[in-house]
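For reference, the chains in residue letters:
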Amino acid sequence: MNDPEIRQLLLKHLTRRKWFEKEHFAEEVALQNGLVRADVVVCSSRLECFEIKSKSDTLKRLVPQGWQYGLSFDQVNLVCATKHLAKAQDLVPDWWGIYEVTDYAKLQLIRRASKNPEVSVAGMVDILQNHESIELLCKKGVNRGIKSLSHGMLRDTIDKNCSIDEVRDWVKTCLRKRNAPVRLTKNITNDFVSSSFA
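Predicted model, so just to flag it, every value in this text is computed and none were measured.

About the cut-offs
Residues numbered from 1 in each chain as written. Predicted model: local features only at pLDDT ≥ 70, side-chain atom pairs only at ≥ 80, totals over all residues. Heavy atoms only, no water. Helix = DSSP H or I, 4+ residues; strand = E, 2+ residues; numbered from the N terminus. Buried < 20%, exposed > 50% of the residue type's maximum accessible area, 1.4 Å probe, protein only. Contact = heavy atoms within 4.5 Å. Areas by Shrake-Rupley, 256 points an atom, 1.4 Å probe, with all protein chains shown as cover. Core = buried A, V, L, I, M, F, W, Y, C linked by side-chain atoms within 4.5 Å. Pairing = 2+ DSSP bridges. Salt bridge = Lys/Arg side-chain N within 4 Å of Asp/Glu carboxyl O. Right-handed = clockwise from strand over helix to strand, strands pointing away.

Draft legend 1. Seen up close, the overall build of the protein. Across its full length, the protein carries seven helices and six strands. In the protein, which comprises 198 residues, the share counted as buried stands at 49%. Long-range contacts, defined as pairs at least 24 residues apart, comprise 64% of the intrachain contacts of the protein with a sequence gap of at least 6. Approximately 10,200 Å² of the protein is accessible, and the part contributed by carbon and sulfur atoms is 49%.

Draft legend 2. Up close: the nonpolar core. Within the largest apolar cluster, 41 residues are counted, with the highest numbers of intra-cluster contacts made by Tyr69, Phe73 and Val167. With five residues, the single largest contributor to this core is helix α7 (residues 164–178). Not counting chain neighbours up to four residues away, the residues in contact with Val167 comprise Val121, Met124, Val125, Leu136, Ile158 and Cys162. The next biggest cluster of nonpolar side chains, apart from the first, holds 15 residues, and it includes Phe25, Val40, Val79 and Leu109.

Draft legend 3. Broad picture of the pairing of strand β2 (residues 36–43). Here β2 lies mainly inside the structure; seven of its eight residues are buried. With seven bridges connecting them, strand β1 (residues 24–31) and β2 associate as antiparallel partners. When the bridges of β2 are listed, Leu31 appears paired with Val36. Linkage of β1 to β2, two consecutive antiparallel strands, is achieved through a turn of four residues, within which Gln32 is found at a positive phi near 50°. Of the strand pairs in this sheet, β2 and strand β3 (residues 47–53) are connected by four bridges, and their pairing is antiparallel. Counterpart to Val42 in the pairing with β3 is Glu48. Linking β2 to β3, which pair antiparallel, is a turn of three residues.

Draft legend 4. Here's a closer look at the pattern of salt bridges. Scanning all chains against the criterion turns up 13 salt bridges. Across the pair Glu27 and Arg7 runs a salt bridge whose closest N-O atoms are separated by 3.3 Å. One end of the pair, Glu27, is in strand β1; the other, Arg7, is in helix α1 (residues 3–14), with 20 residues separating them in the sequence. For Glu27, a relative accessible area of 27% puts it in the partly exposed group. The buried category is assigned to Arg7, whose relative accessible area is 8%.

Draft legend 5. Spatial organisation of the pairing of strand β4 (residues 75–81). Burial analysis of β4 places seven of its seven residues in the buried class, which makes it a mostly covered element. Every second residue of β4 is oriented toward a common face, with Gln75, Asn77, Val79 and Ala81 on one face and Val76, Leu78 and Cys80 on the other, all of them buried. Taken together, the six bridges between β3 and β4 define a ladder with parallel strand orientation. When the sheet's bridge partners are listed, Ile52 is paired in β4 with Val79. After leaving β3, the chain enters helix α2 (residues 62–72) and then returns to the sheet as β4, a path that is right-handed. Note that β4 and strand β5 (residues 97–101) share five bridges and pair parallel. Of the residues in β5, the one forming a bridge with Ala81 is Val101. Traced from β4 through helix α3 (residues 85–91) to β5, the parallel crossover comes out right-handed.

Written as structure tokens, this is what we have:
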């Protein structure tokens, strides 16, 4: 399966969650103004990232991507083709969730994601665009001389003035405004989702 097919398979699985109606899905979410992109982000009570590695992908970028995800998201999951599974398990932290995309086009849960011990205010700010960071600071009453600040300086200022819960809520608000609802293609059916998720 290629990346778009795996993405649709994953999204179809996520719609089976009991709290699906309260969640928002965003694709290709830029971090650090585009230096890194998260394939799929789920906004619910937490910020959850899914990184997809198809059979035609390599794992060369997984470590630097993973470092950024570890700062920015409450939970992180790798969704990978069978050929990457053994190596990927050695590369990602123990708290990452891992899903295998089998050669029979099924998702198999290998390991459930647990709470990220490394997530930080500064890391979550990396999900925001500069104008969104400025708007957050203005809401906090910090508006003097901020419009010309770089991303790094905005990140440091928010880190000093906002709690992680405030930043998480703001990130979710911004992603909902920024991204149209994800649509599922009709050719992905429940038959593709392994019963291990039920």
